[in-house]
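# Reading the structure
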Amino acid sequence: MAHIPRVASFFLFLTKLSLGQREVTIQRGPLYRAEGYPISIGCNVTGYQGPSEQHFQWSVYLPKAPTQEVQIVSTVDATFSYAVYAQRVRSKGIYVERVRGNSVFLHIAKLQLKDSGEYECHTPNTDERYYGNYSAKTKLIVIPDTLSATMSSQTFNKEEGESLELTCEASKATAQHTHLSVTWYLMQDGERSQTTKIISLSKDFTLIPGPSYTERFAAGDVLLNKLGVTTFRLSIGRLQPSDQGQLFCEATEWIQDPDETWTLITRKQTAQTALRIQPTVKDFQVNISAESTFTAGKSLELVCLVVGGGWDPQLQGVWFFNGKEVARMDAGGVLDLKRGYKERAIQGQLQVSKLSPKAFSLKIFSVGPEDEGAYRCTVAEMARAQMGSWQVLQSKQSPDTRVHLRKPAARNVVLFTKSKLQAVWEGEALTLLCKADGAESLLSVEWWHFPQGRTQQEFVAGMRQDGTVQLGPSSKGHARLEKIDWATFQLEISSTTITDSGVYECRVSESTQNLARDWSWTQKLAVTVKSLESSLRVKLMSRQPQVELAHTFGLSCIVEADYPNLGMLLTVTWQFQPATSQVFHPLVRITHNGTIEWEDFLSQFQKKTKVLQSSFHSQLLVHDATEEEAGVYQCQVEVYVRNSLCTGSPARASAISHSLMIAVSLPESKLQVNSSSQVQEISITSNTVIECGILSRSAGDLQLAIVWYFSPSSANTTWLRILQMDQTSVVKYGDEFHTPGRKQKFYPEKVSQDLFQLHILNMEDSDQGKYLCAVEEWLLSTNGTWHKLGEKKSGLTELKLRPTGSKIRVSKVYWPGNATEHGEVAIHCSMESFGSLASLFSVTWYRNRENSGRKMLVHLQHDGLLEYGEEGLRQHLYCYRSSPTDFVLKLHRVEMEDAGLYWCRVTEWQLHGNPSKWVNQASEESQHMVLRVLPSGN
């Protein structure tokens, strides 16, 4: 189409437009086009508001009324066209093609001289306000078609190698500046819809040969010359058979538009000239060279010789046996063997080759009685046609050559398999041929079988002289006996089993009226039926027997067998033994017809496992491995014969692979935490921050848990857990820090992925001690289980209070004696010295029993309020201040489990700050006292 190059150039222009106010653009004119040819005018709008798909209306202002709009066609209004254009619009002679939502083409299929005028493209307004231009115009001038191309219609009969010259007259009378191109084409016989380009003179005066004539153009055999202004001559030297057909000349006129793009405006073709080419051939003869007789089991070679003909002809050879084609080798050397001979060639028993350009060979390496007969070869001289196919120039046939089997002096019997092989696979057909020689006579035959490992023979089948067949008891249904000719008997066992192995005996008998008894001849042949199961091997392999958690591992079940693919189909069952079990469970079964059957065991397998299976390979891919997939795997293979599936036969063979252990391990942790230690001296009531820095961490989507620990300076206690921010960012406080006041004093903050902080507010004496953080790496598996990969602890941060001058001392605990069960006991805690008179004091009592650890019993606060460690202790014990320096813990109805270590901690409080608040100034613990409880009977 002439508008195709115009489309590309128009859209190149459109890409240069920018968004903003509405802008309608149209191809720049004037556009000159020839009468009777098509045109396409592009229009585009940009910078608009509203829907992405805009509408377009085309009008024309004709030279006879340049101010009057004549409506042509619209994308939105079917009644837009004026009557003068309505018929051409309805018949699609004029139509609008939408390229994009904002771009269209106006197509006029066949221009008329009256179509000259100024064409306007208008876009209806979809903007909130008018802004920009809504239409654009271009000028179209329709000029007469003045192009002509003529050539007299002729018929040439040429011989191969001769030359040819044809002339074409092409002229134009266009007033505008245009260029002309001329192209010669060949339409081959039988290819009416397909033409071959020979050579062309382009519009810019360049000679361009067609793809099929490039080499001949380079050699100077194909030329195109311009003789004068309007005459163009095609010259072809040394014609070839592929040049035969219809030749014609095509002239094309081009014009350059204002955007400097060349556009086709007219095209003309001449009448066709017929060219007939007679190939040059030389006569030849064909003969077969071979021995007329052969010995069974020996090799036989027949050579088809071509006598005469050209120096290096392209020949095709075809072999016939008893009138039927058996082999063909084409002129390109491609060999085609017919049924039966192809199998013998695969087994190395037969070879067809080309010994020289004029000699074809048919060689049989082990000749049998079935190879006796008449052989003939046909040789054809070929030539390559233009489209690549071969055409026959001449064909010759050799006389029949009869090949006979050498007859022994006495009648002999030959027993052989049809495949020439004495071993078949289970399920294959076994065909035995028994052939007798000598003079033609009426013969009978009996087939006997000696099963492998047994001496007792079994009758298989027999045929009397009149053709009556008898089958043995075990042969009915799968054995067939046929008479091929007067001396050849064929026994076929359709689907063999292992029990068909053994020695087969053929007994040929002859009865004559001149003899008092029957003469018989026997021949034996050992046949082995190979077990499919014995040759079946199943291997289980994995490249990742050790796989990291959340990674993918694959298992490959590879089936190996010595037998060829005799229509065998496989069913594979994958089995799994979890690490916590001693039993294998089936996971999935892929049947021979492609059905995938999932078992109920470990239902997550189906969601995360992909199964791939080909003829002898099954693959199991497990994604996002978890500990549930760790264990032992194996695959079981069942072999079915394709042609026995319809009868519901069981599997012919089965095998199971060795077991393969898959271990799922956690990835190695790369966690490193800042282990440097430091000492901070903090003013009382001030706030401080302890940092926990991550130096390195493992790759992947891992989460961190942070645990903060504290060891008070005042006691040799174990580390106390302040709080834990687990891998899900949930914060849990330790038992000693679970009160609202302690939660308000200590709180964590995650500053970044690699920095965590512990904030300590209102520093007191009881906050003195050593702090550290423990960082744990956690991985979440697909089954929702968290796995801890590693843990690292930071260095110690020791907090000390700057001295304030205040200090208290607690004396040894007063010991009243042993306690008696169900009695009462009072334990005293006394201060030997204390600070200023403005101080208040609190006391906390602790107990440590075997196997239960340290426990806070009761806290008498500085303001006199009592706080119990457990609500249930309120009825069992009581704490009070008996004097300014003495505190008493009293136990009611002492029980045996009250025995243990008891001690107190006294804390001094003073007012600090503005506004004032009570602050822990100093504290000290007493020594531990052992309380023994005696049974009430003592």
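Residues numbered from 1 in each chain as written. Predicted model: local features only at pLDDT ≥ 70, side-chain atom pairs only at ≥ 80, totals over all residues. Heavy atoms only, no water.

The cut-off we apply is this: UniProt positions are given in the numbering used here, feature names are shortened, and annotations may be inferred rather than shown by experiment.
An unreviewed UniProt entry lists the protein under the name Immunoglobulin superfamily member 2, from Canis lupus familiaris. UniProt annotates the protein under Subcellular location (unreviewed entry) with the comment "Membrane".

### Here's the deal with the overall build of the protein
Counted only if it meets this: The helix count covers DSSP runs of H or I at least four residues long, the strand count covers runs of E at least two residues long, and both are numbered beginning at the N terminus. Values of the radius of gyration come from C-alpha atoms, whereas the globule rule sets the reference at 2.2 Å times the count of residues to the power 0.38. When accessible area is computed with a 1.4 Å probe and restricted to protein chains, residues below 20% of their type maximum are described as buried, those above 50% as exposed, and intermediate ones as partly exposed. Here a residue-residue contact requires only that any non-hydrogen atoms of the pair lie within 4.5 Å. Here the Shrake-Rupley method, with its probe set to 1.4 Å, supplies the accessible areas, and only the displayed protein chains count as covering residues. In this charge count, Lys and Arg are treated as positive and Asp and Glu as negative; neither His nor the chain ends contribute. Every charge is mapped to an atom, namely NZ of Lys, CZ of Arg, CG of Asp or CD of Glu.
Of the regular secondary structure elements, the protein holds six helices and 75 strands. Over its C-alpha atoms the protein spans a radius of gyration of 53 Å, topping by over 25% the 30 Å that the globule rule assigns to 938 residues. For the protein, the spread of C-alpha atoms along the three principal axes comes to 145 × 125 × 50 Å. Relative to its 938 residues, the protein shows a buried fraction of 45%. Excluding contacts between residues fewer than 6 apart, the proportion of contacts in the protein whose partners are at least 24 apart in sequence is 61%. Entry remark: accessible area of the protein is about 47,500 Å², with carbon and sulfur atoms responsible for 49%. Considering the protein, the positive charge centre built from 95 side chains and the negative charge centre built from 98 side chains are found 4 Å apart.

### A short note on the pattern of salt bridges
Note the following rule: Counted as salt bridges are all cases of a side-chain nitrogen of Lys or Arg within 4 Å of a carboxyl oxygen of Asp or Glu.
Under the counting rule described, the total for this entry stands at 37 salt bridges. Across the pair Glu-505 and Lys-524 runs a salt bridge whose closest N-O atoms are separated by 3.8 Å. Taken together, the residues span a long stretch of sequence, with Glu-505 in strand 40 (residues 502–510) and Lys-524 in strand 41 (residues 519–530) at a distance of 19 residues. Exposure remark for Glu-505: the relative accessible area of 6% places this residue in the buried category.

### Some points on the packing of aromatic side chains
As a reminder, the rule being used: Under the pairing criterion, centres of Phe, Tyr and Trp rings, with the six-membered ring standing for Trp, must be within 6.5 Å; the plane angle then separates stacked pairs below 30 degrees from edge-to-face pairs above 60, leaving the rest tilted.
Under the counting rule described, the total for this entry stands at eleven aromatic pairs. For the ring pair Phe-553 and Tyr-633, a centre distance of 6.0 Å and an interplane angle of 65° mean the geometry is edge-to-face. Of this pair, Phe-553 sits in strand 44 (residues 553–560) while Tyr-633 sits in strand 50 (residues 631–641); the two residues are 80 residues apart in sequence, bridging distant segments of the chain. Pair check on accessibility: Phe-553 and Tyr-633 agree, each one buried.

### Examining the sheet that holds strand 53 (residues 672–673)
Condition: The pairing criterion for strands is at least two bridges between them, as found by DSSP.
Taken in spatial order, the four strands line up as 53-55-60-59 in an open sheet, and their pairing is antiparallel. Only two strands of the sheet have a single partner each, and these edge strands are strand 53 and strand 59 (746–752). Where strand 53 and strand 55 (residues 688–696) come together, two bridges link them in antiparallel fashion. Bridge assignment links Gln-672 to a residue of strand 55, and that residue is Ser-696.

### Regarding a nonpolar patch on the surface
This is how the line gets drawn: Patch membership is restricted to residues that have no salt bridge and whose relative accessible area is over 30%. Joining uses 9 Å for like charges and 5 Å for the nonpolar side chains Val, Leu, Ile, Met, Phe, Trp and Tyr.
A cluster of nonpolar side chains, Leu-840, Leu-911 and Trp-918, forms an exposed patch at the surface whose accessible area comes to about 240 Å². The class of Leu-840 is partly exposed, set by a relative accessible area of 30%.

### Examining the state of the cysteines
As a reminder of what qualifies: Any two cysteine sulfur atoms lying within 2.5 Å of each other are counted as a disulfide.
Counted by the stated rule, this structure contains seven disulfides. Disulfide pairing places Cys-434 opposite Cys-506 at an S-S distance of 1.8 Å. Its torsion about the S-S bond being -80°, the disulfide of Cys-434 and Cys-506 is classed as left-handed. Here Cys-506 lies in strand 40 and Cys-434 lies in strand 34 (residues 430–436), a separation of 72 residues in the sequence. Here Cys-434 and Cys-506 have matching classes, each one buried. Covalent S-S linkage joins Cys-557 and Cys-635, the inter-sulfur distance amounting to 2.1 Å. What sets the handedness of the Cys-557 and Cys-635 disulfide is the S-S torsion sign, and at about 75° it is right-handed. Separated by 78 residues along the polypeptide, Cys-557 in strand 44 and Cys-635 in strand 50 bring together distant segments of the chain. By the burial criterion, Cys-557 is buried, and Cys-635 matches it. Cys-879 takes part in no disulfide bond, and the closest cysteine sulfur to it belongs to Cys-829, at a distance of 8.9 Å.

### Thoughts on the layout of surface pockets
Put simply, the rule is: With a 1 Å grid spanning the protein atoms alone, the term cavity applies to any set of points in which a 1.4 Å probe fits but cannot get out, the term pocket to an open set with protein on both sides within 12 Å along at least five of seven lines, and the term lining residue to any residue with an atom within 4 Å of a point. Grid points are joined across faces, edges and corners, and a volume is the space filled by probe spheres set on the points. Residues are grouped as follows: Ala, Val, Leu, Ile, Met, Phe, Trp, Tyr, Cys and Pro are nonpolar; Asp, Glu, Lys and Arg are charged; every other residue, Gly included, is polar.
The computed volume of the largest pocket comes to approximately 1,600 Å³. Together, 44 residues line the largest pocket, and Glu-370, Lys-418, Ser-419, Lys-420 and Leu-433 are the ones closest to its centre. Of all the elements, strand 34 adds the most residues to the lining of the largest pocket, at five residues. Across the lining of the largest pocket, the residue classes break down as 18 nonpolar, ten polar and 16 charged. Size it by volume and the second largest pocket reaches roughly 1,300 Å³. For the second largest pocket, the lining is made up of 39 residues, of which Glu-736, Thr-739, Arg-742, His-859 and Glu-867 are closest to its centre.

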